[in-house]
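Here's the letter readout for the chains.
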Amino acid sequence: MLRSGLSKGLLSALIGLFFVVSPAFAKGRYSHYVLGDLTAATPSPVSGGLLLMGGGDRNHDSMRWFFGKAGKGHIVILRASLGPEIGKEFYNELGGITSAETFVFKDRAAAADPKILASLKRADGIFIAGGDQSRYVRYWKGTEVEDILNAHVAAGKPLAGTSAGLAMLGEHLYSAAVGSIKSHEALADPFGAANTIEGDFLNLSLLKGVVTDTHFKERNRLGRLFAFLAKAQAGRAADLPPMLGLGVDESAALAVEPDGSGRIYATAPDGGAWLVDGTALRDLPTTGPLVAPRIRVVGIGAGSVVHLPSGEVENPIFTRAYAAHGGKISEVPLWSLAIHGGAGVIDRGALTPEKDKAYRAGLDAALQAGGAILGKGGTALDAVAATVRVLEDNPLFNAGRGAVFTAEGRNELDASIMDGRTLKAGAVAGVTRTRHPIDLARAVMERTPHVMLAGPGADRFSAEQGLEQVDPSWFRTEERWQQFQAWKGRQQAAALDPTHLFGTVGAVALDVAGNLAAATSTGGMTGKRWGRVGDSPIIGAGTYARNGQCAVSATGSGEYFIRESAARQVCDRVAWRGESLSDAAKATIAAVGAIGGDGGLIAMGSDGRPAFAINDLGMYRGRMAAGGAPETAIYADETLKD
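Described below are features of the structure shown in this document. Quick caveat, the model's predicted, so the values are computed rather than measured.

Side chains that carry opposite charge are capable of pairing whenever their charged atoms lie near each other. Taken as a whole and judged by the stated rule, the model has 29 salt bridges. Between aspartate 113 and arginine 29 there is a salt bridge, with the nearest N and O atoms lying 3.4 Å from each other. Of this pair, aspartate 113 sits in the loop between β5 (99-105) and α5 (114-122) while arginine 29 sits in the loop between α2 (23-26) and β2 (30-36); the two residues are 84 residues apart in sequence, bridging distant segments of the chain. Looking at aspartate 113, the relative accessible area reads 7%, which means it is buried. We note a salt bridge from lysine 208 to glutamate 171, for which the minimum N-O separation is 3.8 Å. Placement of the pair is lysine 208 in the loop between β9 (197-198) and β10 (210-213) and glutamate 171 in the loop between α8 (164-167) and β8 (173-174), with a sequence separation of 37 residues. You can call lysine 208 partly exposed: its relative accessible area is 45%. Here the salt bridges share partners, and the residues they tie into one network are Asp213, Arg221 and Arg224.

Here you go:
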């Protein structure tokens, strides 16, 4: 009989710590360790939840959360290697639970052992330890252990997993059946035999459509999670939502409530989880390295709340985009914007310092307008329209106010816009009273079944739609008028401003949702006659956008851009020839030049990287991306980062 003066800790040690030696144990099918009293009542109510741990040192607060969910009762620990260490940690070091019972599986036969099954069925909480997840899959898949784990969670009891114990919890899992694959290996051959993705294992509603990974930041596993998602979604039904990837750092644990809301516990200030949107990782080629231009990743930190299985994250610590190409990944802009303000013979002596500064300020203002929209999560379509509106109001540029004059002494304006997501487009030609022709082009796209309206009909439609109307004198500037007077005097050389020979303006953008858009606006050519229309309002010539390929806006001698279908050609080169965006842009301008055309173009890739191509001495241009300041350039020898 025990003395009443024995300490509680000693009493527990004496009655609780023992090996259960059974025929199964003797035959080596499993080991069994117990700390505490398996017959004692559970002190508190039990409620559901998932504790998803990255595999490093266990955060004590997260474990207490888990113990609380288990009513501070009976915790069963499942392992496939080592021994009773975790049970000792839980019972002796952390404390506050009634018992810690450990089973170390040695083979698949143990999954049918009545003792293990009985313990799992009565467990208040189950903790799956780290090790080798391929053993868990081999030992448990298709057994009653698998069924009990699913039933345990469905009954509103908590389940925790760390390292390998987390890696196996998703709807699809990486089984590591042929050894642990590294990111560079997975990216090089995502659909190969080494990327062993399994299904039909656990069925946890909160992780439906989720693939998990662990030791995440510390072992540089973002690339392999991309590959896991790509293979897991191969053949996935089109009506199902894209899958999510969830990677947890070693210093973090994600505690998920029964309603799916999850919060981070971390042992280091930068510990957290990474949520990968699998949208861009569906329906990929099943041979060769992983190629995906834009994969969205959201960071979950101590102040964040993630909702599973939807993947919505409140207060994320970051939102990033990555591109995968050539067996590597790189971070790309979350959103991006590029603009042009026309091309011409612009050498460094052609502009006064004051005019140089004014042009750069005008480009900067346009970038700021579009960037403000994109930075708030707005659409690429809204951004390019807002950007072009600023340029249409700036008399330095040949679009809107400051447009050149026709042979009849009029300002006739052209514009077009295209949405890369829907492939819808709108254009206008020869309009005379709409302050912002780009808005009229968008109205054609959104409010009519047509793509282009021209002349008086376009003017009438604009007024009917309530767009801002101005007297034609609004577009007149003295500088353009003097150019027109020189042209009328048959001084054509004097009539043309060599520094703004091709005065179209345009913008291309990629938004946070991965959508592309392009917009172009112009006053045309000085002295144009007979209702001449250039490339700017022609979809495929001066403007084009298609998600997954590129967005383009051109400026130059329009007849040649029309003949080469220049804007569409850039995107076709990317899509059908596999050219880089920069190479496609340069090759297209070379093709325009080969038949006598001059000018330039801007293009935006689906990875957010812009390209600029010019065959003149200069082009007013600029770019801006998430997290960066506007950059502008004028002269041909200035470079903007692609």
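A separate point is the pairing of β5. Where burial is concerned, most of β5 is hidden: seven out of the seven residues are buried. Going residue by residue along β5, you find Ser99, Glu101, Phe103 and Phe105 tucked away on one face and Ala100, Thr102 and Val104 tucked away on the opposite face as well. Bridge count for β2 against β5 is seven bridges, and the pairing is antiparallel. Considered in β5, the bridge of histidine 32 is made with phenylalanine 103. Examined bridge by bridge, strand β4 (residues 74-79) and β5 share six bridges and lie parallel to one another. By the bridge assignment for β5, valine 76 is matched with glutamate 101.

Take the packing of aromatic side chains next. Summed over all chains, the structure comprises 17 aromatic pairs. Between phenylalanine 67 and phenylalanine 90, the aromatic rings sit 5.4 Å apart at their centres with planes inclined by 75°, giving edge-to-face as the arrangement. Of the two residues, phenylalanine 67 sits in helix α3 (residues 60-69) while phenylalanine 90 sits in helix α4 (residues 85-94), which places them 23 residues apart along the sequence. Between phenylalanine 90 and phenylalanine 127 the ring centres are 5.0 Å apart and the planes differ by 90°, which places this aromatic pair in the edge-to-face class. Here phenylalanine 90, found in helix α4, pairs with phenylalanine 127, found in strand β6 (residues 125-128); they are 37 residues apart in sequence, far enough to count as distant. Residues phenylalanine 90 and phenylalanine 127 agree in their burial class; the two are buried. One aromatic cluster is present, formed by Phe66, Phe67, Phe90 and Phe127 through successive ring pairs. When the ring centre of phenylalanine 318 is taken as reference, the NZ or CZ atom of arginine 320 above it lies at 3.7 Å. Lying across the ring of tryptophan 474, arginine 401 places its NZ or CZ 4.4 Å from the centre.

What follows concerns the nonpolar core. Taken as a class, soluble globular proteins show a tendency for nonpolar side chains to be buried jointly. Formed by 70 residues in total, the largest nonpolar core has its most connected members in Phe90, Phe105, Phe127, Trp140, Leu169 and Leu246. Among the elements that make up this core, the one with the highest residue count is strand β12 (residues 252-256) (five residues). Every residue in contact with leucine 169, bar those within four places of it in the chain, is listed here: Leu52, Ile128, Leu159, Leu202, Leu204, Leu207 and Thr212. Listed in part, the 47 residues of the second largest apolar core include Leu337, Leu363, Leu381 and Met445.

Counting buried positions along strand β29 (residues 610-614) yields four of five residues, so the element is predominantly enclosed. Pairing of strand β28 (residues 599-605) with β29, which is carried by five bridges, proceeds in the antiparallel orientation. When the sheet's bridge partners are listed, isoleucine 602 is paired in β29 with phenylalanine 612. The antiparallel hairpin formed by β28 and β29 contains four residues in its connecting segment, where glycine 608 sits at a positive phi of about 85°.

Put simply, the largest pocket is a space of about 690 Å³. Of the residues that constitute the lining of the largest pocket, the class distribution is eleven nonpolar, nine polar and five charged. The volume enclosed by the second largest pocket comes to roughly 540 Å³. Lining of the second largest pocket is provided by 24 residues; of these, Thr279, Ala280, Pro293, Arg294 and Ile295 occupy positions nearest its centre.

Time to look at the sheet that holds strand β11 (residues 244-248). Reading across from one edge, β10-β11-β14-β15-β18-β19 is the order of the six strands in this open sheet, with mixed pairing throughout. The two strands at the open ends of the sheet, each matched to only one other strand, are β10 and β19 (328-332). For this sheet the average axis-to-axis angle between neighbouring strands, irrespective of direction, equals 30°. With five bridges joining them, β11 and strand β14 (residues 273-277) adopt antiparallel strand pairing. Paired with leucine 246 across the bridge in β14 is leucine 275. Running over the sheet, helix α10 (residues 222-232) touches β10, β11, β14, β15 (292-300), β18 (318-325) and β19 and is turned about 150° from β10.

Attention now goes to the state of the cysteines. The tally for this structure, following the rule as stated, stands at one disulfide. Each sulfur in the disulfide pair cysteine 550 and cysteine 571 lies 2.1 Å from the other. Across the disulfide from cysteine 550 to cysteine 571, rotation about the S-S bond amounts to roughly -115°, and the bridge is consequently left-handed. Here the residue cysteine 550 occupies a position in strand β27 (residues 550-556), and cysteine 571 occupies one in helix α18 (residues 566-577), the gap between them amounting to 21 residues. Using a relative accessible area of 0% as the deciding quantity, one classes cysteine 550 as buried.

Criteria and thresholds
Residues numbered from 1 in each chain as written. Predicted model: local features only at pLDDT ≥ 70, side-chain atom pairs only at ≥ 80, totals over all residues. Heavy atoms only, no water. Salt bridge = Lys/Arg side-chain N within 4 Å of Asp/Glu carboxyl O. Helix = DSSP H or I, 4+ residues; strand = E, 2+ residues; numbered from the N terminus. Buried < 20%, exposed > 50% of the residue type's maximum accessible area, 1.4 Å probe, protein only. Pairing = 2+ DSSP bridges. Phe/Tyr/Trp six-rings, centres within 6.5 Å; stacked < 30°, edge-to-face > 60°. Lys NZ or Arg CZ within 6 Å of the ring centre and 35° of its normal. Core = buried A, V, L, I, M, F, W, Y, C linked by side-chain atoms within 4.5 Å. Contact = heavy atoms within 4.5 Å. 1 Å grid on protein atoms, 1.4 Å probe; cavity = no way out; pocket = protein on both sides within 12 Å on 5 of 7 lines; lining within 4 Å. Points joined across faces, edges and corners; volume = space filled by probe spheres on them. Nonpolar A, V, L, I, M, F, W, Y, C, P; charged D, E, K, R; others polar. Axes fitted to C-alpha atoms, helices over the stretch in contact; angles between N-to-C directions. Disulfide = S-S within 2.5 Å.

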